Amino acid sequence: MAKIKHNNFLDTVNHVITDAAQEGILHLYAEGETFSGRTIGVKGRSLFHFGTTGYLGLEQDARLKTAAIDAIKKYGTQFPLSKSYISHPLYRGLEEKVARMYGQPIIITKNSTLGHLGAIPGAVDDRDAVILDHQVHWSVQNACKLLKNRSIPVDMVRHNQLDMLEDKIMYHSRTRRRIWYMADGIYSMFGDSAPLHGLMELSEKYPQLYLYIDDVHGMSWTGRHGTGFVIDQLGELPDNILLFGTLSKTFGASGAVLVCPDRTMHHRIRTFGGPLTFSAQLEPASVAAASASAEIHLSPEIHDLQSELGERIQYFNALLQRTDLPLVDRNNSPVFYIGTGMPKTGYNFVNRLMAEGFYVNLGLFPAVPVKNTGVRLTISRHNQREEIAALVEAMAYHYPKALEETGTDPDRVLHAFKLESKAPEQILADPDLDIQSADTIESIDPNEWNQWFSCQGTYDWLGLKFLERSFQGHDRTEHNWEFRYVVIRDREGHPILATFMTIGLWKDDMLAKETVSRSLEAARRKDPYHMTSKVLSMGSLFTEGNHLYIDHEHPLRDRALGVFIQTLESFERRFGTKMTVLRDFDGDGPLHRFLTGEGFVRIQMPDSCTVILPEGEDMETYISKLSSRNRRHYRQEIQGLEHSFKVGILQRADAGQLDRFNELYNNVHRHNLGLNTFPFPKKVFESMSDDPQWEFIVLSLDERPDTPIGVMFCYNNQGTTYVPAFVGLDYGYVRSHHSYRQLLYRTIERAIGLGMHKIDFGMTAAFEKRKLGATVREGFAYVQASDNFSLELLGIMERDA
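Quantities reported herein were computed from a predicted structural model and do not represent experimental measurements.

**Q** Explain the pairing of strand β21 (residues 601-612) here, please?
**A** Regular strands have side chains that alternate between both faces of the sheet. Along β21, ten of the twelve residues are buried, which leaves the element largely enclosed by surrounding structure. As judged from the eight bridges shared by β21 and strand β27 (residues 775-785), these two strands associate in the antiparallel manner. In the sheet register, S608 faces β27, and the bridge partner there is R777. Across five bridges, the pairing between β21 and strand β26 (residues 758-763) is antiparallel.

**Q** Please clarify how the pairing of strand β10 (residues 256-259) should be interpreted in this entry.
**A** The side-chain alternation of β10 yields two buried faces, one formed by A256 and L258 and the other by V257 and V259. The pairing of strand β4 (residues 106-109) with β10 spans four bridges and is classified as antiparallel. Counted as the bridge partner of I106 is V259 from β10. Of the strand pairs in this sheet, strand β9 (residues 241-246) and β10 are connected by four bridges, and their pairing is antiparallel. Pairing of F244 across the sheet is with L258, part of β10.

**Q** Looking at this structure, I do not really get the environment of V601. What am I missing?
**A** By the element assignment, V601 lies in strand β21. V601 gets classed as buried once you look at its relative accessible area, which sits at 1%. Spatially, the C-alpha atom of V601 lies 6.9 Å from that of T12, the residues being 589 residues apart in sequence.

**Q** Explain helix α6 (residues 162-173) to me, please; I cannot follow it from the model alone.
**A** In an α-helix, one turn spans 3.6 residues; hence positions three or four apart end up facing the same way. Here α6 spans 16 Å end to end across twelve residues, near enough to the 16 Å set by a 1.5 Å rise per residue. For α6, the full list of buried residues reads M164, L165, E166, K168, I169 and H172.

**Q** What am I meant to see in helix α22 (residues 628-638) here?
**A** Residues of α22 that are buried include every one of N630, H633, Y634, E637 and I638, and no others. Seen end-on, α22 carries its buried residues on one side only, within an arc spanning 105°. Buried positions along α22 lie against α21 (619-624), α25 (739-753) and α26 (766-771).

**Q** Explain the packing of helix α13 (residues 343-356) against helix α14 (residues 385-405) to me, please; I cannot follow it from the model alone.
**A** Packed helix pairs are characterised by how far apart their axes lie and by the angle those axes make with each other. Taken N-terminus to C-terminus, the directions of α13 and α14 make an angle of 145°; their axes are 9 Å apart at the nearest point. The handedness of the crossing between α13 and α14 comes out as right-handed. For the pair α13 and α14, the contacting residues are T345, N348, F349, R352, L353 and E356 in the first and A394, M395, H398, Y399, K401, A402, L403 and E405 in the second. Along the lines of polarity and charge, the residues of the contact of α13 with α14 split into seven nonpolar, three polar and four charged.

**Q** What is the right way to read the nonpolar core from this model?
**A** Looking at soluble globular proteins, one finds that nonpolar side chains tend to be buried together. Y102, F316 and M395 are the most contacted members of the largest nonpolar core, which totals 126 residues. In this view, F316 contacts F336, L377, I379, I388, L391, V392 and M395; residues no more than four positions away in its chain are not counted. Counting residues in hydrophobic clusters, the runner-up holds 37 residues, among them W461, F500, F685 and Y715.

**Q** What exactly am I supposed to notice about the sheet that holds strand β2 (residues 39-42) here?
**A** Paired through backbone hydrogen bonds, the strands of a sheet run either parallel or antiparallel to each other. On the basis of which strands lie adjacent, the open sheet formed by four strands has the order β1-β2-β3-β12 and mixed pairing. Taken across any chain shown, the strands that pair with only one partner, and hence form the sheet edges, are β1 (30-31) and β12 (358-359). In the sheet, strand β3 (residues 45-49) pairs with β12 via two bridges, with the strands oriented parallel. Across the sheet, the residue bridging to H49 is Y359, located in β12.

**Q** Looking at this model, I keep getting lost on the confidence of the model for the protein chain. Mind explaining?
**A** Fine structural detail should not be taken from predicted coordinates in areas where pLDDT scores are low. Within the protein chain, residue pLDDT values average 91, and 96% of them lie at 70 or more. pLDDT under 50 marks residues 1-6. Its contacts with residues more than four places away, or in other chains, come to 22 contacts. Below pLDDT 50 for its whole length, residues 795-801 participates in 31 contacts with residues either more than four positions away or in separate chains.

**Q** Explanation requested: the sheet that holds β4 in the structure shown.
**A** Strand order in the open sheet formed by seven strands is β4-β10-β9-β8-β7-β5-β6, and the pairing between neighbours is mixed. Of all strands in the sheet, those with a lone pairing partner are β4 and β6 (154-157), marking the two edges. Adjacent strand axes in the sheet meet at a mean angle of 20°, parallel and antiparallel pairs treated alike. Against the sheet, helix α3 (residues 91-102) makes contact with β4, β9 and β10, and its axis sits at roughly 130° relative to β4, the strand it touches most. Contacts from helix α9 (residues 263-271) reach β4, β7 (179-184), β9 and β10 within the one sheet, and its direction differs from that of β4 by about 25°.

**Q** What's the story with a nonpolar patch on the surface in this structure? I'm lost.
**A** On the surface, L81, Y85 and I86 cluster together to form a nonpolar patch covering roughly 350 Å² of accessible area. Residue placement: I86 occurs in the loop between α2 (62-75) and α3. The exposure class assigned to I86 is partly exposed, which follows from its relative accessible area of 44%.

**Q** What exactly am I supposed to notice about the pattern of salt bridges here?
**A** For side chains of opposite charge, pairing can occur when their charged atoms come near one another. Applying the stated criterion across every chain yields a total of 45 salt bridges. The partner of R559 in a salt bridge is D430, with the nearest N and O atoms 2.7 Å apart. With R559 in helix α19 (residues 557-575) and D430 in the loop between α15 (410-416) and β15 (433-438), this residue pair connects regions lying 129 residues apart in the sequence. Residues joined in a network through salt bridges with shared partners are K344, R412, E569 and E598.

Cut-off values and rules
For every chain, the first residue of the written sequence is number 1, and numbering continues from 1 along that sequence. In keeping with the predicted nature of the model, local features appear solely for residues at pLDDT of at least 70, side-chain atom pairs appear and are counted solely at 80 or more, and the whole-chain, interface and lining totals rest on all residues. Excluding hydrogens and water, the side-chain figures rest on all heavy atoms present in the structure. Working definition: with a 1.4 Å probe on protein chains only, accessible area under 20% of the residue-type maximum means buried, over 50% means exposed, and in between means partly exposed. Where helices and strands are cited, they refer to DSSP runs of H or I of at least four residues and of E of at least two residues respectively, numbered from the N terminus. In this scheme, strands are said to pair when DSSP sees at least two bridges between them. By this rule, a helix spans an expected 1.5 Å times one less than how many residues it contains. Regarding the arc, it is the one traced by the directions from the helix axis to the C-beta atoms. Residue contacts follow a heavy-atom distance rule, with two residues in contact if any of their heavy atoms lie within 4.5 Å. Geometry is summarised by axes, namely lines fitted to C-alpha atoms with helices restricted to the contacting stretch, and by angles between N-to-C directions that run from 0 to 180 degrees. The crossing is said to be left-handed when, going from far helix to near helix, the turn is anticlockwise and less than a right angle, and right-handed when the turn is clockwise. Put simply, Ala, Val, Leu, Ile, Met, Phe, Trp, Tyr, Cys and Pro go in the nonpolar bin, Asp, Glu, Lys and Arg in the charged bin, and everything else, Gly too, in the polar bin. The criterion is simple. A nonpolar core is a set of buried Ala, Val, Leu, Ile, Met, Phe, Trp, Tyr and Cys residues joined through side-chain atoms within 4.5 Å. The quantity known as pLDDT measures the predictor's confidence residue by residue, on a range of 0 to 100. Within this analysis, patches are made of residues with over 30% relative accessible area and no salt bridge. Like charges are joined at 9 Å or less; nonpolar side chains (Val, Leu, Ile, Met, Phe, Trp, Tyr) at 5 Å or less. Residue-level accessible areas treat just the shown protein chains as cover; the underlying method is Shrake-Rupley with a 1.4 Å probe. Whenever a carboxyl oxygen of Asp or Glu lies within 4 Å of a side-chain nitrogen of Lys or Arg, that contact is scored as a salt bridge.

Dropping the structure here:
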């Protein structure tokens, strides 16, 4: 079928980061002639620094500074040769010291990103498989993209879910030599950790399991010789683990280190490791500083430094426990995360803390799900008890104010992070608004609904009656939808907002690339519900168009929108949905800033197409207005083959015809993996046949008039808009007879004959529809998910592996 224009992940991230930069949160410049680590200059002010990853403060240690300065004086600013040829004189000493720290073979890399790019393709064999924790650092995920060129399967599992991981291990164990699970030791946002002991139990159960752990944020502040969280938990590294540590961040210098207990694999990666072979080596100053830090790590002093930091961490934890601040994960790492839920609340809270004299980081998409925005704080040895206490006091004071100013509350934040809420769920109320929520269109006045939504798609009042009949009472879960209608009015009864929502089962890869869907469909032959989620969607998978009526001029518009979002959150909790999708919107419309502030990510949907039909225009006049090139296509591919077809308009179809229509529809559905949904049940087409608003445009070959080769399923909306909602095709005639183009032409002809004003051609096949005069419009959706895992497969996150 026609190709789908997929969402560009970089565009989505660009919108999110640009919004944060405009709020003064990101892309800042530090100021000042000197830097102590305790404070940082920002926007003309000196702020206490609670954003560093130099947890032990070694970047300010005089011994590291002196070593770096001496190295520059002796060896220059760089040693411009690949290490494959020769390393500069200080390298051997650094490698020996770091190897002593770990007691294992090691490889020094320029940084962890280049290290992963060098190590992963060398460690993973063509006969292996890779499974990623969906929160593993971007640099690991990016390196795994190189594996797709070698047809190595790369899967992803939800964060720290060992049962899901075990399912993947069992799936790959039949055909793959090694199965690599890649994760972080300490995760950089929430400060939580990988379930290492559970992973070791799995590796004993499945000897094919190998672990690749990025422990950059677990380095130095814990573990023997500061070797990090993983070694602190496991003791000695077994041969089935590759471990990445850092020589930057809390180590105080620059570079990274790969620890590889398997000496054969160590030799293979060291001999030829991509960027490890061709990239420039660490500068003399960095090597010297790292060597000086390694000496500290090998001495008893490292335990004193760890103890000093540990006291500050315990003090901060103790102070937080006296507050109601939502700490997302309680642990003993130097990384803390206070949840704010929505981005707009995070912007407000961070700016308030900066105004109080504290520099903190904002955690936002794509590092965390958008509705899991929060303030990321780090504790270092630079921080003194007095400013730690002052920070907690400032947070306790400003947090509720940030919530109030941005129209949210603590309970919404706790729900967003799946944290326990002690308060009972509140009934939504606004003294100036009347909120109507119904589960059937029969509860809504037909005249009012049609005033809001007539002439659009298949969701006027009668169209929704049809949908309610068609998607209830089925045996299969995916064919049963819940409907919810929301109308918000002022106290005088004037409507401000109206829409309808459906709750149903979606395939997680609905908008993913066809290669991803094809792979998942193979797995669904055994488990039809593999990688599926319950979704709360504006509109439905059956409808297209503007599903939201809103009075933008009403003075209570913003309050109505706020109540609407909270209503959706109540639906989400009630029905247990994993994702909320609001569609279909134009570009940067008036709601863009509001929705992104509420934790929605904007993504591009497939283009939609419409045809406007001037009153009284006939088909000949319509064709004459096409471009000369499109008229030529019409004459050759449509008019020139008209004599080959018999075209019929059916208001009702018999059982045999419906069987054939269902078969033709399923042909198209199977070909359309670019928009991968569950097929509709046959009952939908039976309901169409019983509904006077629906009709079938049936295309047959002239010599075989009783065997349809194409059908268009068309809806008459209020006598003004014609909606060819779906198509069925026999693909044996699409190329030879241009049967799809013939159906498009006959649809326009039928709409003109009925005196329609507009044709809603819907999504997909925009190129074909444009040839026949359709106007193509870009459409966007706003998506909010409980985690980024669903976004990965939906096509919002870019993962080609």
